[in-house]
Amino acid sequence: MNTVVKIFMTVGLIGTILSCKSSFNATETMQIEENRSAIYQEIISNPVQLTNLLSEAQKNEEAKKMLMKAHMEQMESGNMKMMMEKNPEMKEKMQSHMQKMMEKNPEMMENMQSKMLAKMMESEKGRKMLMDEIHNNKTMKKEMKEKMMQMMNENPEMMEDMMQKMMEKNPEMKKKMQEKMKNEGK
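Everything numeric in this text was worked out from a predicted model, so none of it was measured.

(A) Structural detail: the overall build of the chain. Scanning the chain for helices and strands turns up 12 helices and zero strands. Counting from the amino terminus, helix and strand elements in the chain follow one another as α-α-α-α-α-α-α-α-α-α-α-α. Whereas a compact globule of 186 residues would reach a radius of gyration of roughly 16 Å, the chain reaches 31 Å, over 25% beyond that. In terms of overall dimensions, the chain has C-alpha extents of about 120 × 35 × 25 Å along its principal axes. Counting the 186 residues in the chain, one finds 10% classified as buried. For the chain, restricting intrachain contacts to residue pairs at least 6 apart in sequence, the fraction spanning at least 24 positions comes to 16%. Just so you have it, the chain exposes about 16500 Å², and 58% of that area is on carbon and sulfur atoms. Across the chain, the mean location of the 31 positive side-chain charges is 4 Å away from that of the 29 negative side-chain charges.

Right, here's the structure in full:
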């Protein structure tokens, strides 16, 4: 009888040990909303884990595109501006990082510049700021002049309309343009 009890206890102990073995399946775990939220919160609340996640994401081309898209949406929404106003150190790091990324990726740089230009052109203040910057920066002035000339040559109606609007709003500019045209004609 003693032997039978020992055998049953041994079988019970082995059964208990085997049943306690945990098998983790990430896909199954992530399918449950509560698990996903708990995992996200754990990663977000721990700076080391968040850094590790972002490092892993930077290794994956598709993930990098998604992060960049989300970043661009944040910048366009104005949320990023508010965050950077509250944290100047973050603003400096972001600007430095963006500069490095744009230097490595000319296509991204061109895309960013066109978005910034379009955003500036939406408001009167932005257009004035852009014009001041162009007038003060010789390289920009030359590039913008070439681009504007190209655009105007491609679309003479746009040139006429734009010139008319500018001269109506700014009589001083009208005088300057007339003088410049006289000087170029000589």
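Still to come is the rest of the account.
(B) Quick peek at the pattern of salt bridges. On inspection of all chains with the given rule, the structure shows four salt bridges. A salt bridge links Glu61 to Lys64; its shortest N-O distance comes to 3.8 Å. Within this pair, Glu61 and its partner Lys64 are both found in helix H5 (residues 61–77), separated by three residues, close to a single helical turn. Overall, the relative accessible area of 30% leaves Lys64 in the partly exposed class. A salt bridge links Glu89 to Lys93; the nearest nitrogen and oxygen atoms lie 3.5 Å apart. With a gap of four residues between them, Glu89 and Lys93 both fall in helix H7 (residues 88–104), about one helical turn apart. Comparing Glu89 with Lys93 shows no difference in burial state: the two are exposed.

(C) Region of the structure containing the nonpolar core. In terms of nonpolar packing, the biggest core is built from five residues, these being Met72, Met98, Met102, Met108 and Met112. Within the residue set of this core, elements represented by two or more residues are H7 and helix H8 (106–121). Beyond its immediate stretch of four places on either side in the chain, Met112 contacts Met72, Met98 and Met102.

(D) View of the packing of helix H4 (residues 47–59) against H5. Contact geometry for H4 and H5: axes closest at 5 Å, N-to-C directions at 115°. When the axes of H4 and H5 are compared, the pair comes out roughly perpendicular. When H4 is examined against H5, the residues Leu54, Ala57, Gln58 and Lys59 are found in contact with a partner set consisting of Glu61, Ala63, Lys64 and Leu67. When its residues are assigned to classes, the contact of H4 with H5 shows four nonpolar, one polar and three charged.

(E) Broad picture of helix H9 (residues 124–136). Its 13 residues place the ends of H9 18 Å apart at the C-alpha level, agreeing with the 18 Å of an ideal helix rising 1.5 Å per residue. Close packing links the buried residues of H9 with H8 and helix H10 (138–154).

(F) Structural context of a positive patch on the surface. A cluster of like positive charges, contributed by Lys138, Lys141, Lys145 and Lys180, occupies part of the molecular surface. By residue number, the principal contributor to the positive patch is H10, which donates three residues. Looking at where Lys145 falls in the secondary structure, it is placed in helix H10.

(G) Inspection of a nonpolar patch on the surface at higher detail. Together, Leu50, Leu53, Leu54 and Leu67 make up an exposed nonpolar region whose accessible area comes to about 300 Å². If one sorts the elements of the nonpolar patch by residue count, H4 sits on top with three residues. For Leu67, the location among the structural elements is in helix H5.

(H) Broad picture of the packing of H10 against helix H11 (residues 156–169). Two elements in contact, H10 and H11, have axes whose closest approach is 5 Å; the angle formed by their N-to-C orientations is 115°. Between H10, through Met148, Met151, Met152, Asn153 and Glu154, and H11, the contact on the second element is made entirely by Pro156, Met158, Met159 and Met162. Residue composition of the contact of H10 with H11, grouped by class: seven nonpolar, one polar and one charged.

Rules behind the numbers
- Residues numbered from 1 in each chain as written.
- Predicted model: local features only at pLDDT ≥ 70, side-chain atom pairs only at ≥ 80, totals over all residues.
- Heavy atoms only, no water.
- Helix = DSSP H or I, 4+ residues; strand = E, 2+ residues; numbered from the N terminus.
- Rg over C-alpha atoms; globule rule 2.2 N^0.38 Å.
- Buried < 20%, exposed > 50% of the residue type's maximum accessible area, 1.4 Å probe, protein only.
- Contact = heavy atoms within 4.5 Å.
- Areas by Shrake-Rupley, 256 points an atom, 1.4 Å probe, with all protein chains shown as cover.
- Lys, Arg positive; Asp, Glu negative; His and termini not counted.
- Charge placed at Lys NZ, Arg CZ, Asp CG, Glu CD.
- Salt bridge = Lys/Arg side-chain N within 4 Å of Asp/Glu carboxyl O.
- Core = buried A, V, L, I, M, F, W, Y, C linked by side-chain atoms within 4.5 Å.
- Axes fitted to C-alpha atoms, helices over the stretch in contact; angles between N-to-C directions.
- Parallel < 35°, antiparallel > 145°, perpendicular 65-115°, else oblique.
- Nonpolar A, V, L, I, M, F, W, Y, C, P; charged D, E, K, R; others polar.
- Expected span 1.5 Å × (residues − 1).
- Patch = residues over 30% accessible without salt bridge, like charges linked within 9 Å, V, L, I, M, F, W, Y side chains within 5 Å.

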